[in-house]
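An overview of the molecular structure
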Amino acid sequence: LYGKRFFREEFGKDMKILWLPDAFGFNGAIPQLLKKSGVEYFLTMKLAWNNYNMFPHHTFNWVGIDGSRVLVHMLPEETYNGPASPSAIKKIERNYIEKGISDYALMLFGIGDGGGGPGPEHLERLEREKDLNGLAPVKQEHAIDFFKKLDEKSGNYSSWFGELYLEKHQGTLTSQAKNKWYNRKIEIALREAEFSSTLASIYAQKPYMKEKLEEIWKEVLLYQFHDILPGSSIKRVYDESVERYSILLEQVNNIIESSYSAMTEKIAADCRENSYMVYNSLSWERDEWVFAGGNWHRVNIPPMGCKMIDAGRHEDLTFTINAEKGFIENDIIKVHFNDDGTICSIFDKECGCEVLDGNSPANKLAV
């Protein structure tokens, strides 16, 4: 969203290519997100660095979980720091797996790692290599023009289904858990803030905090940079980003609270005394127990909806629980424990049967 918006506002261009040469594997949901965003093509490179299994394609159709399909080109030179030398062109010609199908492959030249770009020496080489005897002809052009030519034979390329897994950078899913925790919490909270702010702007005439939300989102996206979120940055990055995450999350929660408060004040005049408004911001129906006004209430709320509950009325709740040393039971199940805390029996009273097989205990923790 922000990437496409930037190029549209700054250059009047609608980007059709997802450009991620240096990221560490890709989720199988990405093709669906790309197609729904008007992105047809994807360029990457890092899968060439697999430790054990060579990725079998350079040009292929990537099919996502829902069946969405995008055309992918993975750089045959296996680098985004190409010297644009004759040997680099020869390597591309030698490596390109789909050269029997397509006459076109892409070379990224210059100092790509760190964004330095091409130098005079790269441009001089490319000028001399346009049509040099013994080398494949080289042409400088926009990447979108390259992909359109590549797309002409899209029906002949192989398809890859689901996740694109990189074997090289192990541990990126488990490193720097605090950053990952904050990232996901803020993503969820920002969605809630946008939802509640929209409701408050429509029904309570509370100004929508567009500038503030955009400012927060852009900083969150900064910390999703491919060496921060995977945990492959230096210590200073995590010291500073965790500190900022904490501040950002508090700001987002304040937006959520103020939005719901504005909504509640707007409807308070029409409410009975001791009434509570319960919101469901999720996109599916929820049937939950809610504690309000000193009582428990069973509430069913439609997707992205709300419901008023009367705190004076409450459910007649009676629980039958019996707990002694070694077991605990209610009217539905009875659970027996060993002395070490493992479970030796779970008896389902409704079905009249034992759940465990009796061969080994349940709830056995191992580190």
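In this report, we go over the structure that sits alongside the text. Because the structure is a prediction, the values reported are computed rather than measured.

For the rest of this paragraph, the subject is the overall build of the protein. Along the backbone of the protein there are eight helices and 14 strands. The C-alpha radius of gyration computed for the protein amounts to 29 Å, which surpasses the reference 21 Å derived for 367 residues by more than 25%, pointing to a less compact arrangement than a globule. Each principal axis of the C-alpha atoms in the protein carries an extent, and together these give about 90 × 65 × 45 Å. Sorting the 367 residues of the protein into buried and exposed places 35% on the buried side. Of the contacts made within the protein by residues no fewer than 6 positions apart, 57% connect residues no fewer than 24 positions apart. For the protein, the separation between the mean place of its 43 positive charges and that of its 54 negative charges on side chains is 5 Å.

Turning our attention to the side chain of Glu329. Position of Glu329 relative to the elements: it lies in strand E11 (residues 327-329). Given the relative accessible area of 16%, Glu329 is considered buried. A distance of 2.6 Å separates a polar atom in the side chain of Glu329 from a polar atom in the side chain of Lys349. When near neighbours in sequence (up to four residues on either side) are disregarded, Glu329 contacts Thr320, Ile321, Asn322, Lys334 and Lys349.

Time to look at the environment of Gly114. Topologically, Gly114 is positioned in the loop between helix H3 (86-95) and helix H4 (120-128). Between the C-alpha atoms of Gly114 and Asn81, which are 33 residues apart in sequence, the distance is 9.9 Å.

Contact geometry of helix H6 (residues 177-203) with helix H8 (residues 235-268) gives a least axis separation of 8 Å together with a crossing angle of 25°. Relative to H8, the element H6 lies roughly parallel. The handedness of the crossing between H6 and H8 is left-handed. A breakdown of the residues in the contact of H6 with H8 according to their chemical character gives 19 nonpolar, eight polar and four charged.

With that settled, consider the sheet that holds strand E4 (residues 69-74). On the basis of which strands lie adjacent, the open sheet formed by five strands has the order E1-E2-E4-E3-E5 and mixed pairing. Looking at the sheet topology across the chains shown, the edges are occupied by strand E1 (17-19) and strand E5 (159-161). Mean inter-strand twist for the sheet, computed between neighbouring axes without regard to direction, equals 30°. Of the strand pairs in this sheet, strand E3 (residues 59-63) and E5 are connected by three bridges, and their pairing is parallel. Counted as the bridge partner of Asn61 is Ser159 from E5.

Another point: the state of the cysteines. One pass over the full model with this rule turns up zero disulfides. The closest cysteine sulfur to the non-disulfide-bonded Cys344 is located on Cys353, 16 Å from its own sulfur. On the basis of relative accessibility, which here comes to 37%, the residue Cys344 falls in the partly exposed class. Its sulfur unpaired, Cys351 is 4.9 Å from the next cysteine sulfur, which belongs to Cys353. Here Cys351 falls in the exposed class, since its relative accessible area comes to 57%.

Moving on to the pairing of strand E6 (residues 275-280). In terms of burial, E6 is a largely internal element, five of the six residues being buried. Of the pairings in the sheet, the one linking E6 to strand E9 (residues 305-310) comprises six bridges and is antiparallel in character. Bridging from a neighbouring strand, Asn280 pairs with Gly305 of E9.

On to the sheet that holds strand E12 (residues 333-337), then. A sheet is described by the order of its strands in space; here five strands give the open sequence E10-E11-E12-E13-E14, paired in antiparallel fashion. Both edges of this open sheet fall to strand E10 (322-324) and strand E14 (353-354), since each of them pairs with a single strand only. Relative to strand E13 (residues 343-348), E12 runs antiparallel, the two being bridged by five bridges. Residue pairing across strands places Val335 opposite Ile346, the latter belonging to E13.

Right, let's talk about the pattern of salt bridges for a bit. One pass over the structure, following the stated rule, counts 21 salt bridges. For Asp14, the salt bridge is made with Arg8, and the minimal N-O distance between the two is 3.2 Å. Its relative accessible area of 47% is what places Arg8 among the partly exposed residues. The shortest N-O distance in the salt bridge between Glu288 and Arg286 comes to 3.2 Å. The class of Glu288 is partly exposed, set by a relative accessible area of 34%.

On to the nonpolar core. The biggest cluster of nonpolar side chains holds 26 residues, and the ones touching the most others in it are Ile186, Leu190, Ile216, Val220 and Val252. Among the elements of the structure, H6, helix H7 (210-222), H8 and E6 are those that each provide at least two residues to this core. Aside from chain neighbours lying at most four places away, what touches Ile216 is Leu190, Leu248, Gln251, Val252 and Ile255. Trp62, Val72, Leu164 and Leu166 belong to the second largest nonpolar core, which has 16 residues in total.

Here the structure, examined in full by the defined rule, presents 15 aromatic pairs. Their ring planes at 50° and their centres at 4.7 Å tell us that Phe55 and Trp160 sit as a pair that is tilted. On the criterion of sequence distance, the pair formed by Phe55 in the loop between strand E2 (41-44) and E3 and Trp160 in strand E5 is long-range, its members being 105 residues apart. A relative accessible area of 7% means that Phe55 is categorised as buried. When the centroid spacing of 5.6 Å and the interplanar angle of 15° are considered together, the rings of Tyr182 and Tyr245 count as stacked. With Tyr182 in helix H6 and Tyr245 in helix H8, this pair connects stretches of sequence that are 63 residues apart. In this pair, the class of Tyr182 matches that of Tyr245, namely buried. The rings of Trp181, Tyr182, Tyr223 and Tyr245 are connected pair by pair, giving a single aromatic cluster.

Reading the values: rules and limits
- Counting from 1, residues in each chain are numbered in the order their sequence is written.
- Reporting of local features is limited, given that this is a predicted model, to residues whose pLDDT is at least 70; pairs of side-chain atoms are given and counted only at 80 or more, and all residues count toward the totals for whole chains, interfaces and linings.
- Neither water nor hydrogens contribute to the side-chain values; these are computed over all heavy atoms in the structure.
- Only DSSP runs of H or I reaching four residues or more are called helices, and only runs of E reaching two or more are called strands; each is numbered from the N terminus.
- Radius of gyration means the value over C-alpha atoms here, while the globule rule gives 2.2 Å times the residue count to the 0.38 power.
- Burial classes follow relative accessibility: with a 1.4 Å probe on protein chains only, a residue under 20% of its type's maximum area counts as buried, one over 50% as exposed, and anything between as partly exposed.
- Any pair of residues with heavy atoms lying within 4.5 Å of one another is described as a contacting pair.
- We count Lys and Arg on the positive side and Asp and Glu on the negative side, and we leave His and both chain ends out.
- To locate a charge, the coordinates of NZ of Lys, CZ of Arg, CG of Asp or CD of Glu are taken.
- The definition of a polar contact used here is a pair of N or O atoms within 3.5 Å, where within protein one atom must be able to donate a hydrogen and the other to accept one, and adjacent residues in sequence count solely through side-chain atom pairs.
- Angles run from 0 to 180 degrees between N-to-C directions of axes, and those axes are lines fitted to C-alpha atoms, restricted for helices to the stretch in contact.
- Throughout, the term roughly parallel applies to angles under 35 degrees, roughly antiparallel to angles over 145, roughly perpendicular to angles from 65 to 115, and oblique to all others.
- Take the far helix as your reference; a near helix turned counterclockwise from it by less than a right angle gives a left-handed crossing, and one turned clockwise gives a right-handed crossing.
- Polar here means any residue other than Ala, Val, Leu, Ile, Met, Phe, Trp, Tyr, Cys and Pro, which are nonpolar, and Asp, Glu, Lys and Arg, which are charged; Gly is therefore polar.
- Here a strand pair is declared whenever DSSP counts at least two bridges between the two strands.
- Whenever a pair of cysteine sulfur atoms sits within 2.5 Å, that pair is classed as a disulfide.
- Whenever Lys or Arg places a side-chain nitrogen within 4 Å of a carboxyl oxygen from Asp or Glu, that contact is recorded as a salt bridge.
- Among buried residues, the Ala, Val, Leu, Ile, Met, Phe, Trp, Tyr and Cys ones that are joined through side-chain atoms within 4.5 Å form a nonpolar core.
- For Phe, Tyr and Trp, where Trp contributes only its six-membered ring, two rings pair if their centres lie within 6.5 Å, and the inter-plane angle classes them as stacked under 30 degrees, edge-to-face over 60, or tilted in between.

None of this, on its own, says anything about what the molecule does.
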